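Here are the chains, one letter per residue:
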Amino acid sequence: MNRQLLPWAALLAVALAAPWMFEDQGYGIRVLTLVLLFAAMGQSWNIVGGLANQISLGHAAFFGLGAYTSTLLLMRYGISPWLGIVAAMAVAAVAGALLSLPTMRLRGHYFALATLAFGEVLRAIANTWASVTGGPVGLSIPFSEGLAQMQFKSSIPYYYLMLGAALITSVVFAVISHSRLGYRLRAVKANPQAAEVIGVDTAR
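Parameters and conventions
- Residues numbered from 1 in each chain as written.
- Predicted model: local features only at pLDDT ≥ 70, side-chain atom pairs only at ≥ 80, totals over all residues.
- Heavy atoms only, no water.
- Helix = DSSP H or I, 4+ residues; strand = E, 2+ residues; numbered from the N terminus.
- Buried < 20%, exposed > 50% of the residue type's maximum accessible area, 1.4 Å probe, protein only.
- Contact = heavy atoms within 4.5 Å.
- Lys, Arg positive; Asp, Glu negative; His and termini not counted.
- Charge placed at Lys NZ, Arg CZ, Asp CG, Glu CD.
- Salt bridge = Lys/Arg side-chain N within 4 Å of Asp/Glu carboxyl O.
- Axes fitted to C-alpha atoms, helices over the stretch in contact; angles between N-to-C directions.
- Parallel < 35°, antiparallel > 145°, perpendicular 65-115°, else oblique.
- Left-handed = near helix turned anticlockwise from the far one by under 90°.
- Nonpolar A, V, L, I, M, F, W, Y, C, P; charged D, E, K, R; others polar.
- Core = buried A, V, L, I, M, F, W, Y, C linked by side-chain atoms within 4.5 Å.
- Patch = residues over 30% accessible without salt bridge, like charges linked within 9 Å, V, L, I, M, F, W, Y side chains within 5 Å.
- Areas by Shrake-Rupley, 256 points an atom, 1.4 Å probe, with all protein chains shown as cover.
- Polar contact = N/O pair within 3.5 Å; in protein donor to acceptor, adjacent residues only side chain to side chain.
- Phe/Tyr/Trp six-rings, centres within 6.5 Å; stacked < 30°, edge-to-face > 60°.

A. Up close: the overall build of the protein. When its secondary structure is counted, the protein shows nine helices and zero strands. Listing every helix and strand of the protein by position from the N terminus yields α-α-α-α-α-α-α-α-α. Its C-alpha atoms put the protein at 55 × 50 × 25 Å along the principal axes. Put simply, the protein has 204 residues, and 31% of those count as buried. A separation of at least 24 residues holds for 61% of the contacts in the protein among residues at least 6 apart in sequence. Averaging the locations of the 12 positively and 6 negatively charged side chains of the protein gives two centres separated by 12 Å.

Next comes the structure, spelled out in structure tokens:
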């Protein structure tokens, strides 16, 4: 094994064993699950914010769009969350593509404020469109235990789901970071004008 991978392999082994280190497999595992959730969201933010220095303040909006999509498909049409994940990613991706049309030509504070406004608009819609989103109270999903419904009595399966999400987003970030796209994003981060001079389509 490559020596550079040894620390990551050790970290993964600890992460896989972590749930079984708690006497009370409730609160502690729920905290770790939330940590992994935010780690996955942080890595997704890193693709635009870390590589290209485009500070997006509306990432929670895409998370919310995906969550509502998957949940509504389950509650109204009985579609498994495993399929709902695909639909959620598609909806969030379309929203991101539409948002990028006006915002990707913006820079610095203007870009950040535009993404912040997008997040606030969706938050206001979620709070007022109660017939769909449940309003400020949210949606209550009837419990039906099973892998197909992605509902479990124990907190441990949720932990491993979030661990998988964090791993996937980390791998995607690493692949992009070392790809041609990653180098172009770094060029935009360093100097957008210079990047355009050497042939990088910064808006794209």
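B. Structural view of the pattern of salt bridges. According to the stated counting rule, one finds two salt bridges in the structure shown. Arg-123 is the partner of Glu-120 in a salt bridge, and the nearest nitrogen-oxygen pair spans 2.9 Å. Taken as a pair, Glu-120 and Arg-123 lie in helix H5 (residues 108–128) at a separation of three residues, close to a single helical turn. The partner of Lys-153 in a salt bridge is Glu-145, and the shortest N-O contact between them spans 3.9 Å.

C. Structural detail: the packing of helix H1 (residues 6–17) against helix H7 (residues 156–177). H7 packs onto H1 with a crossing angle of 160° between their chain directions and a minimal axis gap of 10 Å. Comparing the axis directions of H1 and H7 gives the class roughly antiparallel. When the axes of H1 and H7 are compared, the crossing they make is right-handed. Residues Leu-12, Ala-15 and Leu-16 of H1 form the contact with H7, whose own contacting residues are Tyr-159, Tyr-160, Leu-163 and Leu-167. Of the residues that constitute the contact of H1 with H7, the class distribution is seven nonpolar, no polar and no charged.

D. Seen up close, the nonpolar core. Membership of the largest hydrophobic core is limited to nine residues, which are Ala-15, Ala-18, Ile-29, Leu-36, Ala-40, Ile-156, Tyr-159, Leu-163 and Ala-166. Mapped onto this core, the elements with two or more residues apiece are helix H2 (27–52) and H7. The leading source of residues in this core is H7, at four residues. One finds Ala-61, Phe-62, Ala-92 and Ala-95 within the second-largest nonpolar core, a separate group that totals six residues.

E. View of unusual backbone geometry. Within the chain, Asn-53 stands out as a residue other than glycine whose phi angle is a positive 60°. Tracing the sequence through the fold places Asn-53 in the loop between H2 and helix H3 (59–77). A relative accessible area of 40% means that Asn-53 is categorised as partly exposed.

F. Seen up close, a nonpolar patch on the surface. On the surface, a cluster of nonpolar side chains totalling about 500 Å² of accessible area is made up of Trp-82, Ile-85, Val-86, Met-89 and Leu-147. Along the polypeptide, Leu-147 turns up in the loop between helix H6 (130–133) and H7.

G. Layout of the environment of Trp-82. On the secondary structure map, Trp-82 appears in helix H4 (residues 81–103). The sequence separation of Trp-82 and Leu-147 amounts to 65 residues, and the corresponding C-alpha distance is 9.2 Å. The residues contacting Trp-82, other than those within four sequence positions of it, are Leu-147, Ala-148, Met-150 and Leu-161. Only 2.6 Å separates the side chain of Trp-82 from the backbone oxygen of Leu-147, close enough to count as a polar contact.

H. Focus on the side chain of Thr-69. Looking at where Thr-69 falls in the secondary structure, it is placed in helix H3. Of the polar contacts made by the side chain of Thr-69, one reaches the backbone oxygen of Leu-65; its length is 2.7 Å. In contact with Thr-69, not counting residues within four places along its chain, are Ala-87, Ala-88 and Val-91.

I. Local environment of the packing of aromatic side chains. Enumeration according to the criterion identifies three aromatic pairs in this entry. Between Phe-152 and Tyr-158 the ring centres are 5.3 Å apart and the planes differ by 70°, which places this aromatic pair in the edge-to-face class. Judged by relative accessible area, which is 30%, Tyr-158 ranks as partly exposed. Summarising the aromatic geometry, the rings of Tyr-159 and Tyr-160 are spaced 5.3 Å apart at their centres and angled 75° between planes, so their arrangement reads as edge-to-face.

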